[in-house]
Amino acid sequence: MTIPEALIFDVDGTLAETEDAHRLAFNAAFDAAGLDWEWDEALYLKLLEVTGGKERIRHYTGTAGLPSLSQAAVAALHADKTERYVAHVARGRLGLRPGIARLMREARGAGVKLALATTTSLPNVESLLAATLGREAVGWFAAIGAGDMVAAKKPAPDVYRLVLERLRADPARCVAFEDSENGVASARAASLPVVVTVSRYTAHQRFPDALAVLDHLGEPDEPCRAISGAAPGGPAVGLATLRDWLGGKAA
Ligand code: XBP
Ligand code: MG
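Residues numbered from 1 in each chain as written. Chains lettered and ligands numbered in written order. Predicted model: local features only at pLDDT ≥ 70, side-chain atom pairs only at ≥ 80, totals over all residues. Heavy atoms only, no water.

A few points about the sheet that holds strand β5 (residues 194-197)
The mixed open sheet is built from 7 strands, whose spatial order is β3-β2-β1-β4-β5-β6-β7. Here the strands that pair on one side only, and so sit at the sheet edges, are β3 (141-145) and β7 (226-229). Strand after strand, the sheet turns through a mean of 20° between neighbouring axes, direction not considered. With 4 bridges connecting them, strand β1 (residues 6-9) and strand β4 (residues 174-178) associate as parallel partners. By the bridge assignment for β4, leucine 7 is matched with valine 175. Where helix α5 (residues 100-110) meets the sheet, it contacts β1, β2 (113-117), β3 and β4, and its direction lies at approximately 150° from that of β1. (Pairing = 2+ DSSP bridges. Helix = DSSP H or I, 4+ residues; strand = E, 2+ residues; numbered from the N terminus. Axes fitted to C-alpha atoms, helices over the stretch in contact; angles between N-to-C directions. Contact = heavy atoms within 4.5 Å.)

In C-alpha cells, the structure reads:
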C-alpha cells in the first residue's frame, strides 16, 4: 500500500476544540432573542448526539417540553449564532489541535489531497481556517463538504460521499479523521478507514471500527498516545504511519 490519496478531516473537535465556542454562541443567540435557555456543559454533551445546530435547537425544544419554533425562527436564531461564532473564531481564540497543521503540510508537500467533511456551517469552517492557517488556507482543500450541502447530516454518510465524489477518490485509499461516534459512523458508512482523535466532548465514546484511536495526532515534541487500535510507532502520525495502517487493515 502506498501513502493515502487524500486525507479528509472532520472540523469540530478534530481540527480544533470548537464545541464550547459553539455552545457559548448558541447561549448568546438565545439571550439576544429573549429566550431564557441556557445550555450548560452537561446538557450540551447530550445535545451533541444530534449533529447540526438547527437540528440541535429543534431537538431541544422537542425534548425540553418547550413550544416549538417555526422553521424561520430556528433559521434566524441559528444565523445569529453563526455570526457570533464566526466573530469569536476570527478574534483568534481557537488554535488547531496538535499535529493537524503538521500533517496537512506534509500532505501538501507530498501531493496528497486535503478535504473537509463536516456538519457545521461553511462560514464557521472558513473563519477557523483563516484564523489558524491563514486566509489562503481554504484553497488548500480540494473538496469541502459542510452544513446544509447535504440533506442528511452525520451519522448519515452523505457528506463523506459528497466529498469523495468531488475528489473522485477511492475511499479505501483515503483516510478520514474524526472525533465522535456520529462522525465515525458517517465515514465508515462511506467505506472510509477512520483515525479517531478523541476530543473534550467525546472522550467517553467508543470506536471499535476505527483504524486507530489516539489522544491527538502528536508533534515531535508532544507525543500522541494510542488509546485503542493501531499504535503510531513514534511520537506523531505522519503519512508513513497512515500508509502502514492502511496496509495492515484497509477498510
Ligand atoms: C459538529 C456539529 C455542529 C456544531 C455546530 O459536527 O455537530 O453542529 O456543533 O455547527 P462536526 P452549526 O464535528 O462533524 O463538524 O451550528 O453550524 O450546525
Ligand atoms: Mg467532530
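Anyway, onward from the coordinates.
What about unusual backbone geometry?
With an omega of 15°, the peptide bond between lysine 154 and proline 155 qualifies as cis. Structurally, proline 155 is set in the loop between β3 and α7 (158-167). A positive phi is found at arginine 168, a non-glycine position, where the angle reads about 50°. Note that arginine 168 resides in the loop between α7 and β4.

Observations regarding the site of ligand 1
Close to ligand 1 lie 18 residues, the nearest being Gly53, Arg56, Lys81, Thr118 and Thr119. Here an oxygen atom of ligand 1 sits 2.7 Å away from a polar atom, N or O, in the side chain of histidine 78. Interatomic distance of 2.7 Å between a side-chain N/O atom of serine 121 and an oxygen atom of ligand 1. For ligand 1, whose free accessible area comes to 460 Å², the fraction covered by protein is 95%. Judged by the fraction of its atoms near the pocket grid, ligand 1 is located in the largest pocket. The element best represented in the shell around ligand 1 is helix α1 (residues 19-32), accounting for 3 residues. Split by residue class, the shell around ligand 1 holds 2 nonpolar, 10 polar and 6 charged. (Near = heavy atom within 4 Å. Polar contact = N/O pair within 3.5 Å; in protein donor to acceptor, adjacent residues only side chain to side chain. Areas by Shrake-Rupley, 256 points an atom, 1.4 Å probe, with all protein chains shown as cover. 1 Å grid on protein atoms, 1.4 Å probe; cavity = no way out; pocket = protein on both sides within 12 Å on 5 of 7 lines; lining within 4 Å. Sits in = over half its atoms within 2 Å of the grid points. Nonpolar A, V, L, I, M, F, W, Y, C, P; charged D, E, K, R; others polar.)

Focus: the side chain of threonine 119
On the secondary structure map, threonine 119 appears in the loop between β2 and α6 (122-133). Setting aside residues no more than four positions away along its own chain, threonine 119 makes contact with Thr51, Gly52, Gly147, Lys153 and Lys154.

Things to note about α5
Regarding α5, the residues found buried are Ile100, Ala101, Arg102, Leu103, Met104 and Ala107. In this fold, the buried residues of α5 make contact with β1, β2, α6, β3, β4 and α9 (239-248). Looking one or two residues past α5, glycine 111 carries a phi angle of roughly 75°, positive in sign. (Buried < 20%, exposed > 50% of the residue type's maximum accessible area, 1.4 Å probe, protein only.)

Quick notes on the nonpolar core
Where a protein is soluble and globular, its nonpolar side chains tend to be buried together. If you look at the biggest cluster of nonpolar residues, it comprises 40 residues, and the most contacted ones within it are Leu7, Phe9, Leu15, Leu116, Phe177, Val195 and Leu242. Per element, the largest residue contribution to this core is 5 residues, and it comes from α5. Ignoring any residue separated from it by four or fewer positions in sequence, one finds leucine 116 in contact with Ile8, Phe9, Val11, Leu15, Val125, Leu129, Phe141, Ala143, Ile144, Gly145 and Val163. Residues Ile8, Ala117, Leu162 and Val163 belong to the second largest nonpolar core, which totals 25 residues. (Core = buried A, V, L, I, M, F, W, Y, C linked by side-chain atoms within 4.5 Å.)

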